Amino acid sequence: MSGEDGFIKLFNDENLDGWIGNKESYRAENGCIVVDPNGGGSGGNLFTEDQYSDFILKFEFQLTPGANNGLGIHAPLDGDVAYVGKELQILDNSAEKYSKLKPYQYHGSVYGVIPAKRGFLRPVGQWNMQMVTVQGSKIKVVLNGNIIVDGDFLEASKNGAMDKNEHPGLQRTVGHIGFLGHGDVVRFKNIKIKELPSKK
């Protein structure tokens, strides 16, 4: 289903058709994709069947206290996406247990590589709107109308990533989009994508 603005719905509001991965921990409920803490595998990963290269992704999410999830991009189906693909944190920044995280671990950050600006998440329980634009090695993350990341994966990691780990996934230019759960309840809705022509 393509909208007037060129965006296509990734989630049909009713079931997880078009998605692969952990369908025990993720379920469709009331027009949302919900991470069920009682589901199998305590979160796990749920990926789009299709792979994407350059795109604009829009979605809304609702956190519960202390929630931790992630948005995987350019992801393969196996391995830790934060390293073999790229992971954008989805996190309750306000939780006490996360008060001593590294800058690159807070919400919206490209995990281990590019820290996001903080202070733009709505209070836990309210819906947030996020837009992620990926073109080549450039990424821009807009949270509730505020730019929290505007960077370049490869430029940011040319002298090594901030977390001092290897991130071979930074070289990937295509892959699945996924939610990377940790068993915390998070809801997602209005998940839409618009593919962009690659600047090759």
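Reading guide: rules and limits
- Residues numbered from 1 in each chain as written.
- Predicted model: local features only at pLDDT ≥ 70, side-chain atom pairs only at ≥ 80, totals over all residues.
- Heavy atoms only, no water.
- Patch = residues over 30% accessible without salt bridge, like charges linked within 9 Å, V, L, I, M, F, W, Y side chains within 5 Å.
- Areas by Shrake-Rupley, 256 points an atom, 1.4 Å probe, with all protein chains shown as cover.
- Salt bridge = Lys/Arg side-chain N within 4 Å of Asp/Glu carboxyl O.
- Lys, Arg positive; Asp, Glu negative; His and termini not counted.
- Charge placed at Lys NZ, Arg CZ, Asp CG, Glu CD.
- Helix = DSSP H or I, 4+ residues; strand = E, 2+ residues; numbered from the N terminus.
- Core = buried A, V, L, I, M, F, W, Y, C linked by side-chain atoms within 4.5 Å.
- Buried < 20%, exposed > 50% of the residue type's maximum accessible area, 1.4 Å probe, protein only.
- Contact = heavy atoms within 4.5 Å.

Draft legend 1. Seen up close, a negative patch on the surface. A grouping of Asp-17, Glu-49, Asp-50 and Glu-195 is seen on the molecular surface, where their side chains present a negatively charged patch. Along the chain, the position of Glu-195 falls in strand S13 (residues 186-195).

Draft legend 2. Summary view of the nonpolar core. Counting 39 residues, the largest nonpolar core has Ile-33, Leu-57, Leu-71, Ile-139, Phe-188 and Ile-191 as the members making the most contacts within it. Not counting residues up to four positions away in its chain, the partners in contact with Ile-139 are Ile-73, Leu-88, Val-110, Ile-114, Val-132, Thr-133, Val-134, Val-149, Asp-150, Gly-151 and Phe-153.

Draft legend 3. Seen up close, the pattern of salt bridges. This structure, assessed with the given rule, holds 5 salt bridges. A salt bridge links Asp-13 to Lys-9; its shortest N-O distance comes to 2.9 Å. You can call Lys-9 partly exposed: its relative accessible area is 36%.

Draft legend 4. A look at unusual backbone geometry. At Lys-164, a position not held by glycine, the phi torsion is positive, near 65°. Along the polypeptide, Lys-164 turns up in the loop between helix H2 (153-156) and strand S12 (175-181). Located in the positive-phi region is Asn-190, a residue other than glycine, with phi close to 50°. Relative to the assigned elements, Asn-190 resides in strand S13. Its relative accessible area of 33% is what places Asn-190 among the partly exposed residues.

Draft legend 5. Broad picture of the environment of Ser-198. Within the fold, Ser-198 resides in the segment after S13. For the pair Ser-198 and Ile-33, spaced 165 residues apart in the sequence, the C-alpha separation amounts to 29 Å. Beyond its immediate stretch of four places on either side in the chain, Ser-198 contacts Ser-53 and Asp-54.

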